[in-house]
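As a plain string of letters, each chain reads:
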Amino acid sequence: MADQIQEIMAGLADLKEVHGVWAVADGRVAQGDAGWVADLGIALARAYGTGEPVWQYRSVFDHLLRLLATTAGPGHVAQALRLVSSAEVTSRRLDRYTASLLASGQAAEDLNVAFTGHAPEELRACLVHELVLRGVVVGEVPGIAGWATSPHWSHHPLGWLPLTRSGMEEEADLPSYGIRGSSHSMPYGPSEDRPSAVIADAHVPAARETTTPAVASRIGAAPANWAEQSNGRVEARVFDLAEPLDARTVPSALLALGLECLRGTGKKTPLSVTVCPPALAWRVLFAAASTGGAYSSGSYGAYGRLAAWRSLAALAGSPEGATAAEAEAQVLDCGWHAFDAGTQWFEQVAWDIGLAALSPGGRRLAVLAATDTD
């Protein structure tokens, strides 16, 4: 076994394709030798995992991890954890990715080893919320429950999130992983079905912009990766209104606010607006945060969940120190609208978001627009 690993290591960088290495690893797992696959991954990480890794290493390592993490059984889970705990590869991003793979491919009871054995704390925190998103009641799963409900990680950023899934989160678009790749839904993009809902000559109250950098950052948390890691743009703004705004007048108000994303809207480029259930707004924001844009891969489920709630809560006007329950209550009290327009700001490819939240009293309107392209 060691000789075969050495042989693969010696010739890896010269390979034109790596399907043969994949096949060897697949065969080992089929024979029940998951430990050999982890040994190969760790050996390759020691040889190629530092500096700028060659593409052959990146491809083989990802295949080995997917193979172990998505092949059902606690033994495969243990070997996947051993692989990603190697000093040469361990990182917070790898922990997030591994947690998503494991939650997608393994039964909750087979993941106990991640909480009772050796595993990075970041991976455990992410795994808890990946499971919550999949409807697992983590407080009832032996092994997981003790860790998830303990106070020692309450100060972790993910500790703000509840350990049960909200009704708004039930339609979360979660990725489906396989050994050869993954797929996910994209619940956003240009819509040709939204009606042009601008009310002609509607009275729009005077508006005063109150956007601060901190609030803009919170509102834009979900699609931030589109701008930071891809070709995207984000516009996040908040306005106080001199008089209560009627929900039916939101389209006219959007046109009157001077939004960059709607510059150029007119008869030939109409604004399209629809009432949007808050659950759909969360779903859109979660997809943007968890799966990324044209060239960004997102933050996966756990941090995608956190970013979606940060954006939604800030749009609703929930203060920074509010609990998750308080934020959700405020979100549900707001009136939500989705919008788009064929302006030059929106790329109109596949990644477009337009959301507006009107406060219960109609005196605050918050807007988030985002777009990305390949």
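Residues numbered from 1 in each chain as written. Predicted model: local features only at pLDDT ≥ 70, side-chain atom pairs only at ≥ 80, totals over all residues. Heavy atoms only, no water.

**Considering the environment of glutamate 121**
Then, number 1: Along the chain, the position of glutamate 121 falls in helix α8 (residues 121-133).
Then, number 2: When its relative accessible area of 36% is taken as the criterion, glutamate 121 is described as partly exposed.
Then, number 3: Taking C-alpha positions, glutamate 121 is 36 Å from valine 367, a pair spaced 246 residues apart along the chain.
Then, number 4: Excluding residues within four positions of it along the chain, glutamate 121 makes contact with Trp147 and His152. (Helix = DSSP H or I, 4+ residues; strand = E, 2+ residues; numbered from the N terminus. Buried < 20%, exposed > 50% of the residue type's maximum accessible area, 1.4 Å probe, protein only. Contact = heavy atoms within 4.5 Å.)

**Quick word on the nonpolar core**
Then, number 1: In terms of nonpolar packing, the biggest core is built from 101 residues, with Leu44, Leu102, Leu127, Leu158, Trp282, Leu312 and Trp336 touching the most fellow members.
Then, number 2: Considering every element that reaches this core, the biggest residue donor is helix α14 (residues 300-316), with 11 residues.
Then, number 3: Not counting residues up to four positions away in its chain, the partners in contact with leucine 102 are Ala69, Val77, Ala80, Leu81, Leu111, Leu123 and Leu127.
Then, number 4: Counting 21 residues, the second largest nonpolar core, distinct from the first, contains Leu241, Ala253, Leu271 and Val273. (Core = buried A, V, L, I, M, F, W, Y, C linked by side-chain atoms within 4.5 Å.)

**Some words on the pairing of strand β6 (residues 335-341)**
Then, number 1: Most of β6 sits inside the fold, with six of its seven residues counted as buried.
Then, number 2: Two strands pair when backbone bridges link them, and strand β5 (residues 271-275) and β6 are joined in this way by five bridges, in the antiparallel orientation. When the sheet's bridge partners are listed, threonine 274 is paired in β6 with alanine 338. (Pairing = 2+ DSSP bridges.)

**Looking at helix α4 (residues 55-70)**
Residues separated by three or four positions in an α-helix point in the same direction, a consequence of the helix having 3.6 residues per turn.
Then, number 1: The terminal C-alpha atoms of α4, which comprises 16 residues, lie 22 Å apart, in line with the 22 Å expected from a rise of 1.5 Å per residue.
Then, number 2: Most of α4 is tucked away, with 12 of its 16 residues classed as buried.
Then, number 3: All of the buried residues along α4 are Gln56, Tyr57, Val60, Phe61, His63, Leu64, Leu65, Arg66, Leu67, Leu68, Ala69 and Thr70. (Expected span 1.5 Å × (residues − 1).)

**With respect to the sheet that holds strand β4 (residues 233-241)**
Then, number 1: As summarised here, the arrangement of the six strands in space is β3-β4-β8-β7-β6-β5, forming an open sheet in which the pairing is antiparallel. Each end of this open sheet is capped by a strand with a single partner; those strands are β3 (207-209) and β5. Here the strands of the sheet are splayed against their neighbours by 25° on average, with no regard to which way each runs.
Then, number 2: Packed on one face of the sheet, helix α13 (residues 278-291) meets β6, β7 (351-358) and β8 (364-372) and runs near 140° to β7.
Then, number 3: Across the sheet, α14 is in contact with β6, β7 and β8; its angle to β8 comes to roughly 145°. (Axes fitted to C-alpha atoms, helices over the stretch in contact; angles between N-to-C directions.)

Shape is all these values report; function is a separate question.
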